[in-house]
Amino acid sequence: MTRPSVLSEDRLFPAEPSVREIARRLYAKVRGLPIVSPHGHTDPAWFALNEPFRDASTLLIVPDHYVFRMLFSQGVSLESLGIPRMDGNPVEQDPRKIWGALAEHWHLFRGTPSRLWLTHALSDVFGVHERLTPKSATSIYDHISDCLLRPEFRPRALFERFNIEVVATTESPLDSLAHHRALRDSGWRGRVITTFRPDRVVDPDDEGFAAGVTKLGELTGEDTGTWTGYLRALATRRQFFASLGATATDHGHPSAATFDLPRLQCETLFRMALAGDASPSEAERFRGQMLTEMARMSVEDGLVMQVHPGAFRNHNRAVFHDFGRDKGADIPTQTDYVHALKPLLDRFGNDRRLSLIVFTLDESAYSRELAPLAGHYPALKVGAPWWFFDSPSGIRYYRERVTETAGFYNTVGFTDDTRAFLSIPARHDAARRVDCGFLAEWVAEHRLDEDEAAELAVDLAYTLAKRSYKL
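So, how was this worked out
- Just so you know, the residues in each chain are numbered from 1, in the order the chain's sequence is written.
- Restriction of local features to residues with pLDDT of at least 70 applies here, the model being predicted, together with a cutoff of 80 or more for giving and counting side-chain atom pairs; totals for whole chains, interfaces and linings are based on all residues.
- Calculated side-chain values reflect all of the structure's heavy atoms, with hydrogen atoms and water omitted.
- Only rings of Phe, Tyr and Trp enter the pairing, Trp through its six-membered ring, and a pair is recorded when the two centres are within 6.5 Å. The plane angle decides the type: under 30 degrees is stacked, over 60 is edge-to-face, the rest tilted.
- Each helix is a run of DSSP H or I of at least 4 residues and each strand a run of E of at least 2, with the numbering of both proceeding from the N terminus.
- Classification of residues uses two cut-offs on accessible area relative to the type maximum, computed with a 1.4 Å probe and protein chains only: under 20% is buried, over 50% is exposed, and between them is partly exposed.
- Think of a polar contact as two N or O atoms within 3.5 Å of one another; within protein, one of them needs to be a possible hydrogen donor and the other a possible acceptor, and neighboring residues in sequence only count if both atoms come from side chains.
- Two residues form a contact once any of their heavy atoms are found within 4.5 Å.
- A side-chain nitrogen of Lys or Arg and a carboxyl oxygen of Asp or Glu constitute a salt bridge if their distance falls within 4 Å.
- Two strands qualify as a pair provided DSSP detects at least 2 bridges between them.

Caption draft 1: Examining the packing of aromatic side chains more closely. Summed over the entire model, instances satisfying the criterion amount to 30 aromatic pairs. Aromatic pair Trp227 and Tyr230: ring centres 6.1 Å apart, planes at 35 degrees, arrangement tilted. You can see Trp227 and its partner Tyr230 sitting in helix α11 (residues 227-243), three residues apart, about one turn around the helix. Trp227 gets classed as buried once you look at its relative accessible area, which sits at 7%.

The following block contains the structure:
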């Protein structure tokens, strides 16, 4: 006997009947709105080449660190999930076995947003209306395989089916953006834009920093052995990214530290960073100075600036050695914003030409630091609940901690921040439902009129992201 896994139409709405009814009405206003995805990590090759996805496992498991980190935490090896090793040693190549591992451990995802997203993808995208179990795994896998052979399940068709208006990918300044150029020239009307992510060439602790700076010079014809040439090269690449649709930059530094140092100190730090002689504190000062330089460039070229600090990257040394970056071992850390951002804000915080969106993994900073900062500085907005807080409880917590100080309009809508293409509509739907439930409670408490809540629901789901990211 199969176990039903039908998504409830009232999922994530308040339990109290009268408030739930308000949430339903609000949700009806936003359910069909286009998806604006201004920050993410999907592969532009999917849309440029428009080739069929290979199988359920490489589509739903292998690229999604939310999924495989949970399995790894319960003793499932990354090799058995088909995650490529840095040394090229064999990993599981049979996607059926990888899918079977997910089915065997499906219970681990109870209560997690991954369970919501995967169930949404199975149900709404593939029409699977039974729960994934070891017994049902084969039939569900075969059904998905049959679907993926059809033209309506190719990347561009799904993009259109999901009603995506725009999706942003994220690339290094060293990327040729060949897939984005192919998309521009293809005539396809789907909007896939890039985002400028310079971490590899602004972080002295990155293992490829010096080589990356050299390549940056080769790409731009600038002498990146000098401070001024290095800055000119970065500005040139920003212009190149903008020519292919970029409206934003993205900076994933360990901390939010910023500095505004005299030029001679900048030149000295740069020479030390290139030589590999920068101490940890000097590397931090260099990264912090580069955030201020990026803010200056954003004032000049109009690119929105995103900063998302506070992740202890690659915490599991063995996993980093064997499998590389972005393998589910990044852990939140306590982060200071009030003092750390002050040098940058002293220089640019009152300049409305700068749009600075700050994210956090330190949820204690929402009401203590970020909401008060965004509620004052014209240049600064609070980024959406991100990563570990991109969840029903995380989104609700965010609204409760930020709104009364910063308001709704010093936030930027929803950001899905995903590598898993099929989770995009699921994540946006969950955010819309949670926000409508939150607004419904405020209506029931007479803190908002329902017509105001309806306008806010549209703004939170659609308008704010378009406006904040200049889309």
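Caption draft 2: Spotlight on unusual backbone geometry. Backbone geometry at Asn50 places phi at a positive 55 degrees, although glycine is not the residue there. On the secondary structure map, Asn50 appears in the loop between α2 (44-49) and α3 (56-60). Judged by its relative accessible area of 18%, Asn50 falls in the buried class. Of note, His446 is a non-glycine position whose phi angle comes to about 60 degrees, a positive value. Along the chain, the position of His446 falls in the loop between α18 (423-444) and α19 (450-468).

Caption draft 3: Structural view of the side chain of Ser423. By secondary structure assignment, the location of Ser423 is in helix α18. A distance of 2.8 Å separates a polar side-chain atom of Ser423 from the backbone oxygen of Ala420. In this view, Ser423 contacts Trp117 and Thr418; residues no more than four positions away in its chain are not counted.

Caption draft 4: Looking closely at the pattern of salt bridges. For the coordinates displayed, the defined rule picks out 39 salt bridges. With a shortest N-O distance of 3.4 Å, Arg313 and Asp330 are connected by a salt bridge. Residue Arg313 is located in the loop between β6 (311-312) and α14 (317-323), and its partner Asp330 is located in the loop between α14 and β7 (331-332); the two are separated by 17 residues in the primary sequence. We classify Arg313 as partly exposed; its relative accessible area is 26%. The buried category is assigned to Asp330, whose relative accessible area is 4%. Because the salt bridges share partners, they merge into one network encompassing Glu79, Arg85, Asp87 and Asp322.

Caption draft 5: Just the sheet that holds strand β3 (residues 192-193), in detail. Here three strands make up an open sheet; going across it, the order is β1-β2-β3 and the pairing parallel. Both outer strands of the open sheet, β1 (35-37) and β3, are each paired with one neighbouring strand and no more.

What is shown is where atoms sit, not what they do.
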